[in-house]
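So you can see what is in the structure, the chains are spelled out below.
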Amino acid sequence: MLSRSPCVYRTLGRSLSAASQASNVVTRQHLSSHFQRKCQPRLQSSSHANHVRFFKISAVHRDEVVTVNTPAFAESVTEGDVRWEKAVGDSVTEDEVVCEIETDKTSVQVPAPAAGVLEELLVPDGGKVEGGTPLFKLRKGAAAAKPAPSPSPAVEAAAPEAVTPPPPPQPSTPPTAAPAVSAVKSSSAAAAPPAPSTAGVRGENRVKMNRMRLRIAQRLKEAQNTCAMLTTFNEVDMSNIQEMRKLYKDAFLEKHNIKLGFMSAFIKAAAHALTDQPAVNAVIDDTTKEIIYRGYIDISVAVSTPKGLVVPVIRNVETMNFADIEKAINALGEKARKNELAVEDMDGGTFTISNGGVFGSLFGTPIINPPQSAILGMHGIFDRPVAVSGKVEVRPMMFMALTYDHRLVDGREAVAFLRKIKAVVEDPRMLLLDM
Amino acid sequence: MSSQLSRIFSPLRAGNGNQLNRTRSLFFDSANSRAGLVLQSQSTDVYQNLALEDWIDAHVDLQQRSILLLWRNRPVVVIGRHQNPWTECNLSAMRRLGIPLARRRSGGGTVYHDLGNLNMTFFASKKGYDRQRNLKVVTEALRRLRPELAVQSTERFDILLNGHYKISGTASRLSRKSSYHHCTLLHSADRSALSSLLRPSCPHIQSNATPSIPSPVTNLTDHAPSLEWEELLDALVQQYNREFGLSCMSTMVDPTNESSFPGVSNMAAELRSWEWTFGKTPKFSIETQLELMDEQLDARCSASLHMEVKSGRVESCRLDITEDWLPLKLSKQLTDILIGERFCPHRVAASAAELLRPESGRLYRRLHNLCEAVVAVMD
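Note that the coordinates shown come from a computational prediction; the quantities given were computed from them, not determined experimentally.

### A look at the overall build of chain B
Secondary structure summary: chain B contains 14 helices and 16 strands in total. Seen along its three principal axes, the alpha-carbon backbone of chain B occupies a region of about 85 × 50 × 35 Å. Every one of the 379 residues in chain B was classed for burial, and the buried ones make up 59%. Long-range contacts, defined here as pairs at least 24 residues apart, represent 73% of the contacts in chain B between residues at least 6 apart.

### Details of the overall build of chain A
Looking only at helices and strands, one finds 13 helices and 18 strands in chain A. Expressed as a percentage of its 435 residues, the buried residues of chain A come to 42%. Of the contacts formed within chain A by residues at least 6 apart in sequence, a portion of 61% connects residues at least 24 apart. Carbon and sulfur atoms make up 57% of the accessible area of chain A, which totals about 23000 Å².

### Considerations on the interface of chain A and chain B
Taken together, the contact between chain A and chain B spans 39 residues of the former and 51 residues of the latter. Of the roughly 4200 Å² buried where chain A meets chain B, counting both sides, 44% is carbon and sulfur surface. Of all residues in chain A, the largest losses of buried area upon contact with chain B belong to Lys105(A), Arg211(A) and Met212(A), amounting jointly to 17% of the total for that side. Where chain A meets chain B, there are 6 salt bridges. The partner of Glu85(A) in a salt bridge is Lys280(B), and the shortest N-O contact between them spans 3.7 Å. Inspection of the chain A/chain B interface yields 17 residue pairs in polar contact (both at pLDDT 80 or more). Elements represented by at least two residues in the side of chain A that touches chain B include exactly β5 (97-103), β6 (106-111), α7 (211-226) and α11 (343-346) of chain A. Across the side of chain A that touches chain B, the residue classes break down as 12 nonpolar, 10 polar and 17 charged. Bridge analysis of β6(A) against strand β10 (residues 170-174) of chain B gives 3 bridges, and the strand direction is parallel.

### Remarks on the sheet that holds strand β16 (residues 313-320) of chain B
In sheet architecture, strand pairing relies on hydrogen bonds along the backbone and comes in two forms, parallel and antiparallel. Residues and elements named next belong to chain B. Spatial ordering of the open sheet is given by β12-β14-β15-β16, a layout of 4 strands whose pairing is antiparallel. Every interior strand has two partners, whereas the edge strands, β12 (205-207) and β16, have only one. Going across the sheet, the axis of each strand differs from the next one's by a mean of 20 degrees, ignoring polarity. Examined bridge by bridge, β12 and strand β14 (residues 284-294) share 3 bridges and lie antiparallel to one another. The partner of Ile205 across the bridge, within β14, is Ile286. With respect to the sheet, helix α14 (residues 361-377) is in contact with β14, β15 (299-310) and β16, its orientation differing from that of β14 by roughly 145 degrees.

### Looking at helix α12 (residues 411-426) of chain A
Taking 1.5 Å of rise per residue, 16 residues should cover 22 Å, and α12(A) covers 22 Å from first to last C-alpha, within 8% of that figure. Buried within α12(A) are the following residues: Glu413(A), Ala414(A), Phe417(A), Leu418(A), Lys420(A), Ile421(A), Lys422(A), Val424(A), Val425(A) and Glu426(A).

### Considering the nonpolar core
Membership of the largest hydrophobic core comes to 100 residues, with the highest contact counts inside it found for Ile299(A), Phe351(A), Ile421(A), Phe343(B) and Leu370(B). Top contributing element to this core by residue count: helix α9 (residues 263-276) of chain A, with 9 residues. Residue contacts for Phe343(B): discarding those within four places in its chain leaves Trp86(B), Cys202(B), Phe284(B), Ile286(B), Met307(B), Val309(B), Gly312(B), Arg313(B), Val314(B) and Met378(B). Counting 32 residues, the second-largest nonpolar core is a separate cluster that includes Leu142(B), Ile159(B), Trp229(B) and Val237(B).

### Re the confidence of the model for chain B
Residue and element names in this part refer to chain B. Model confidence for chain B is summarised by a mean pLDDT of 85, while 91% of its residues fall at 70 or above. Of the regions scoring below 50 in pLDDT, residues 1-20 engages in 24 contacts with residues more than four places distant in sequence or in other chains. For this predicted complex, the interface confidence reaches an ipTM of 0.72, while the overall pTM sits at 0.70.

### Observations concerning the sheet that holds strand β4 (residues 101-103) of chain B
Residues and elements named next belong to chain B. As summarised here, the arrangement of the 3 strands in space is β4-β3-β5, forming an open sheet in which the pairing is mixed. The open sheet terminates on both sides in strands that have one partner only, identified here as β4 and β5 (111-113). With strand direction ignored, the average angle separating the axes of adjacent strands in the sheet is 30 degrees. Where strand β3 (residues 76-79) lies against β5, 3 bridges are found, and the strand directions are antiparallel.

### Considerations on the state of the cysteines
The bond known as a disulfide is covalent and runs between the sulfur atoms of two cysteines. Residues and elements named next belong to chain B. Tallied over the entire structure, the rule returns 0 disulfides over all chains. Between Cys183, a cysteine without a disulfide, and Cys248, which holds the nearest cysteine sulfur, the sulfur-to-sulfur distance is 17 Å. This cysteine, Cys202, is not joined by any disulfide, and Cys89 carries the nearest cysteine sulfur, 10 Å off.

### Section: the environment of Cys248(B)
Residue and element names in this part refer to chain B. Counting through the fold element by element, Cys248 comes out in the loop between α9 (229-244) and β13 (250-253). Through-space distance from the C-alpha of Cys248 to that of Gln206 is 48 Å; in sequence the pair is 42 residues apart. Look past the residues within four positions of Cys248 in its chain and what remains in contact with it is Gly36, Leu37, Val38, Val237 and Asn241.

### Regarding the domain arrangement of chain A
Many analyses report the size of an interface as the accessible area lost when the parts associate. Partitioning chain A into domains gives domain 1 (69-139) and domain 2 (215-432). A straight line from the C-alpha centre of domain 1 of chain A to that of domain 2 of chain A covers 56 Å.

### Examining the pairing of β16(B)
Residue and element names in this part refer to chain B. Across 7 bridges, the pairing between β15 and β16 is antiparallel. Paired with Lys310 across the bridge in β16 is Arg313. Hairpin remark: β15 followed by β16, antiparallel, with 2 residues in the connecting loop; positive phi at Ser311, about 55 degrees.

### Structural notes on the packing of α9(A) against α12(A)
Residue and element names in this part refer to chain A. Close contact between α9 and α12 brings their axes to 9 Å; oriented N to C, the two are set at 135 degrees. Between α9 and α12, the crossing angle belongs to the class labelled oblique. At the point where α9 passes α12, the crossing takes the right-handed sense. Contact with α9, carried on its side by Ala265, Phe266, Ala269, Ala270, His272, Ala273, Leu274 and Asp276, involves Phe417, Lys420, Ile421, Val424 and Val425 of α12 and no other residues of that element. Of the residues assigned to the contact of α9 with α12, the class counts are 10 nonpolar, 1 polar and 2 charged.

### Some words on the side chain of Thr288(B)
Residues and elements named next belong to chain B. By the secondary structure assignment, Thr288 is in strand β14. At a separation of 3.4 Å, a polar atom in the side chain of Thr288 contacts the side chain of His204. Not counting the four nearest positions on each side in its chain, Thr288 is found in contact with His204, Ala303, Ser304, Leu305 and Val377.

### Overview of the packing of aromatic side chains
In the structure shown here, the tally under the stated rule is 13 aromatic pairs over all chains. Seen in terms of ring centroids, Phe233(A) and Phe363(A) are 4.5 Å apart; in terms of plane orientation they differ by 15 degrees. Their pairing is stacked. Pair noted here: Phe233(A) is in strand β10 (residues 229-237) and Phe363(A) is in the loop between β16 (351-355) and β17 (374-388), with a separation of 130 residues, a long-range link. Seen from their ring centres, Trp274(B) and Phe278(B) are 6.0 Å apart, and the 25 degrees between their planes marks the pair as stacked.

### With respect to the environment of Leu309(A)
Within the secondary structure, Leu309(A) is located in strand β14 (residues 308-310). Apart from residues lying up to four places away in sequence, Leu309(A) is in contact with Ala302(A), Val303(A) and Ser304(A).

Rules behind the numbers
- Residues numbered from 1 in each chain as written.
- Chains lettered and ligands numbered in written order.
- Predicted model: local features only at pLDDT ≥ 70, side-chain atom pairs only at ≥ 80, totals over all residues.
- Heavy atoms only, no water.
- Helix = DSSP H or I, 4+ residues; strand = E, 2+ residues; numbered from the N terminus.
- Buried < 20%, exposed > 50% of the residue type's maximum accessible area, 1.4 Å probe, protein only.
- Contact = heavy atoms within 4.5 Å.
- Areas by Shrake-Rupley, 256 points an atom, 1.4 Å probe, with all protein chains shown as cover.
- Buried area = accessible area lost by both parts, 1.4 Å probe.
- Salt bridge = Lys/Arg side-chain N within 4 Å of Asp/Glu carboxyl O.
- Polar contact = N/O pair within 3.5 Å; in protein donor to acceptor, adjacent residues only side chain to side chain.
- Nonpolar A, V, L, I, M, F, W, Y, C, P; charged D, E, K, R; others polar.
- Pairing = 2+ DSSP bridges.
- Axes fitted to C-alpha atoms, helices over the stretch in contact; angles between N-to-C directions.
- Expected span 1.5 Å × (residues − 1).
- Core = buried A, V, L, I, M, F, W, Y, C linked by side-chain atoms within 4.5 Å.
- pLDDT = per-residue confidence, 0-100.
- Disulfide = S-S within 2.5 Å.
- Domains from an automatic or database assignment.
- Parallel < 35°, antiparallel > 145°, perpendicular 65-115°, else oblique.
- Left-handed = near helix turned anticlockwise from the far one by under 90°.
- Phe/Tyr/Trp six-rings, centres within 6.5 Å; stacked < 30°, edge-to-face > 60°.

Written out as structure tokens, the structure reads:
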């Protein structure tokens, strides 16, 4: 095997230096350090001499391109699979892992021998390699040479400016000037990144919009363009419902095994109000110019999860009581947490409730979730001084907003709808009395 | 010797303020050079334990000393660095059972861990990397404990019992200067969970990710019922000392202790992230036929689905479906909206729900059925 024969390496070294090549071949790991020291300066000066003779002297051509080979494997293993960590065009620092080679249950890291930009990957991802197989080509030097993700155009502008002074002295003293220019270049490139920190980095980062977001955006705009959207507000005194919750939450938890929250009150109140004002539960079919009145109430609850906004639906809320609603919310929450939400869980809905209060919102105009005609926005509960029977009292108050489609729902209906929700939440006994 | 012992044991006695110095001294004391360490993790959280492994690999000078780390995890499925979780394990069953998935940094295949499975990590310099020697520690310890058990390590670095059942598998990682070799040891793991979870989620995947090689397994306690966990650990520590000429006592370490292991909680957070666990899957493709149905009209149709998934996200998606079943525009909308989304049934369902909202009647039914079929492919 090659690794056990030093004389083969020496011959190899000599033939390499003899050949005039623009790229260096660096063999890793099993080259003895003594040999490396002997052979490299010769290699470098000959290739730089070639650079001077045959190429224009400019900062770009100054960079060396090294080919990195697969390290020899331990324990008589012969081959492994390559897994790329970086891609062509990525800039790497010295010792940063460029790829991993998986051999027989062992993952071996292959670091970059120097800082630079990956020019070419010589093996496809998952491809098989043996010890010594060329893996990738690295263009040494700092990232300033690369156009796309560089931190700022200012850096690129700075780098060429910095290197233009040195070239004039070049033709007279090629070999010594070569390392000097590359030193200047690398120092200018090295200098450039620190410079922006004093001026403030002004870079941009372009990220493609994902399709889901594009689609939702498109539909929201369509909704805005077709609906005559406006918002009416009201406020709710949460004292009674808070007291009810305080009184019954332990017993509720014991009986139903889930917590009693506020959403159930609002969802039930909304269902009650929707039965009262069917126009809010209806939707206009623009293609047939008909109004579709729906006999069932499916309430979509907008939930913000780390993976994005999901809008699960609670079906037939008109038949449910507070406990049923809490159970449904809980079941959907569990599913969302376990990533088990199915299409049926998120599909449809006749009315949406969105709770901005969890983020601390005070006041706001929600946007209708098409194809529906209205959306109720709940906001945060804050203590405020309000007038109660002629006196000023501090009560926990919540602002509510109803955004509705005026083509279908009149102002009077919208306000009545919202006032009904307010009445029910402020006094849940109204549900019992069907008022 | 006594001063060395007190240095090792004092972290257990000292308060948190001193803990930083005392535990650091475990690793960085030059008086401990040419010594070894035996550590036992207090945590049963796989991400914390894997992060501890990474921390030791990155921060401890292993040129002069070797370390043995003993750990175990609550039920979890652990895949190798370059594996595809969708081909290796049943993700929906794991979700239902609340069993998480972890991707380790070393190569190799998929394993099921629970509290009946012992993990051992042998840290050494790259020069000292010798897996057979490490496995010899295990086989010799077992031979001393229960000489009637026929244990033997194989060429593939497994340990077999009675020449047939696998009781230990190996994986390792070689960094720039250091190495670690870890292996499992089945003491009393739940074998039925193991076999039900380690089967593919999606049958139609083509990928060049590292495959696992299934083997029949058994627990040590199935053949030596009297073997206690503590007994096993003690025997392994003793054999480790014997093999490497050391005299270490086992020290408990807490992988959540940020002052002893600065940066470890960030490492654990990275290992928990979706980007690491699923996003590091090598590129793969899915090619399958979907059987579509319109129940109301009792009609059927066949469509072909081709998807390319890169870094755990749908890179391209093609659906070949006849125009008279579903307008091309709708099926194109579905394939379009999937691009860039995570390869996850939940994400697909959310995207599909978005598409279904404006539809009704026959188109709705068929589109709904199509979306369900696509979700079913991933689950």
